[in-house]
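These are the residues of each chain, in order.
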Amino acid sequence: MFSIPFELERSIVINKPADLVYESLGDFNQWGKWSPWIIQEPECPVTVTGDALALGHHQAWNGKRIGSGYMDLIECNENQYLAYDLVFVSPWKSQSKTQFKLEAVTPGEGHEHATKVTWLMQGTLPIFLFFMKKMMSVFVGGDYERGLKMLKEWLEDNRVSSSVDINGITEKEGYYYIGIEANCDTDEIPKVMKPTYEDLMGRDLPQPDAYMTINLYFNPVKKKCAMIAAFAYKQKPDVKLPVDMVAGVVPDHKALEVVHNGSYKHLANGWVTLMNYMRFKKIKADKKIKEYEVYLNSPEDTAEQDLKTAIYAPVK
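Residues numbered from 1 in each chain as written. Predicted model: local features only at pLDDT ≥ 70, side-chain atom pairs only at ≥ 80, totals over all residues. Heavy atoms only, no water.

Enquirer: Explain unusual backbone geometry to me, using residue names and the numbers behind them.
Expert: If a residue is not glycine, its phi is most likely negative; likewise, a peptide bond is most likely trans. A cis geometry characterises the amide bond from Ser 90 onward to Pro 91, with omega recorded as 10 degrees. Among the secondary structure elements, Pro 91 is positioned in the loop between β5 (81-90) and β6 (94-104). Despite not being glycine, Leu 53 has its phi angle at roughly 65 degrees, a positive value. Tracing the backbone shows Leu 53 in the loop between β2 (46-49) and β3 (58-62). We note that Asn 79 has phi near 65 degrees; this positive angle belongs to a residue other than glycine. As for its position among the elements, Asn 79 is in the loop between β4 (68-77) and β5. A relative accessible area of 26% places Asn 79 in the partly exposed class. (Helix = DSSP H or I, 4+ residues; strand = E, 2+ residues; numbered from the N terminus. Buried < 20%, exposed > 50% of the residue type's maximum accessible area, 1.4 Å probe, protein only.)

Enquirer: I'd like a description of the environment of Lys 224, backed by residues and values.
Expert: Along the polypeptide, Lys 224 turns up in strand β11 (residues 224-233). For the pair Lys 224 and Leu 73, spaced 151 residues apart in sequence, the C-alpha to C-alpha distance is 37 Å. A distance of 2.6 Å separates polar atoms of two side chains, one belonging to Lys 224 and the other to Asp 185. (Polar contact = N/O pair within 3.5 Å; in protein donor to acceptor, adjacent residues only side chain to side chain.)

Enquirer: Go over the layout of surface pockets with me, naming the residues and quoting the values.
Expert: There is about 260 Å³ of room inside the second largest pocket. If you go around the second largest pocket, you meet 14 residues; those closest to its centre are Lys 172, Glu 173, Gly 174, Tyr 175 and Ala 210. Listing elements by their share of the lining of the second largest pocket, those giving two or more residues are β10 (210-219), β11 and β14 (291-295). Considered class by class, the residues forming the lining of the second largest pocket number nine nonpolar, one polar and four charged. (1 Å grid on protein atoms, 1.4 Å probe; cavity = no way out; pocket = protein on both sides within 12 Å on 5 of 7 lines; lining within 4 Å. Points joined across faces, edges and corners; volume = space filled by probe spheres on them. Nonpolar A, V, L, I, M, F, W, Y, C, P; charged D, E, K, R; others polar.)

Enquirer: Any chance you could break down a positive patch on the surface for me, citing the residues and the numbers?
Expert: A cluster of like positive charges, contributed by Lys 284, Lys 287, Lys 288, Lys 290 and Lys 316, occupies part of the molecular surface. Overall, Lys 284 belongs to the exposed group, its relative accessible area being 61%. (Patch = residues over 30% accessible without salt bridge, like charges linked within 9 Å, V, L, I, M, F, W, Y side chains within 5 Å. Areas by Shrake-Rupley, 256 points an atom, 1.4 Å probe, with all protein chains shown as cover. Salt bridge = Lys/Arg side-chain N within 4 Å of Asp/Glu carboxyl O. Lys, Arg positive; Asp, Glu negative; His and termini not counted. Charge placed at Lys NZ, Arg CZ, Asp CG, Glu CD.)

So far we have only geometry, and geometry alone does not tell us how the molecule works.
Following this line, the structure appears as structure tokens:
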């Protein structure tokens, strides 16, 4: 069958020596700790055979939601380079090449070592999916970004402060919200939303029943988004709305709920899990109500790894 090529790469700096990074990437037994796919389906069966860092080292997975496939280590250059053959069996068949390039870089203040890790892929899509080429590069690139963030935390802190619980479809009470709208590039979300919430918290408003972010628009291909940092109330508060703020009412609704446990820097794991679960279960979204996330505890008095964020996709 005819196919079309696509390729991508993503990088991150890990504050550890190259030999440690190399040994971890060459051992499939460690990949489950930081995999951007396994975190979506931790119960996915994974089989690892062969010795770490030996050619032919092999892992295979057979997930219900993340699909199935296998990967083999085919080339390695100590502390510098690893290459793999990657085969997807489902949801569609394809073959790809993927590599890690390692480069020792000048460490930042307070660190003795630093390694730039670049994750690359050269893959193909069936010709009938030609229209998905750009989108595929964006989505797989997003997976690589999530994975590299978790790899960095795993190697630097010996843990990954991210897991996701799927709680299914729940009945949600409607709410009234008051907030501040922010528009930005998708890679600027943390930088933009932090001062937006600080602004919101400094306003003279009644104590809310919940703190939340409403997702007005999110386009990963165009890398643009719009969100509202909001206070949510069960009853409409008696307050004059400042001219630079927005408000609205959301009716009672049903929503698919997932809870992300851990650092806000890994929240994308929760969103990707939610969206993929909806596709797998063929759940229809209610486009009349925007997706949103609710913060179940506060970073002011909660350790980063213990933060909990509920993410909701309204459904029909």
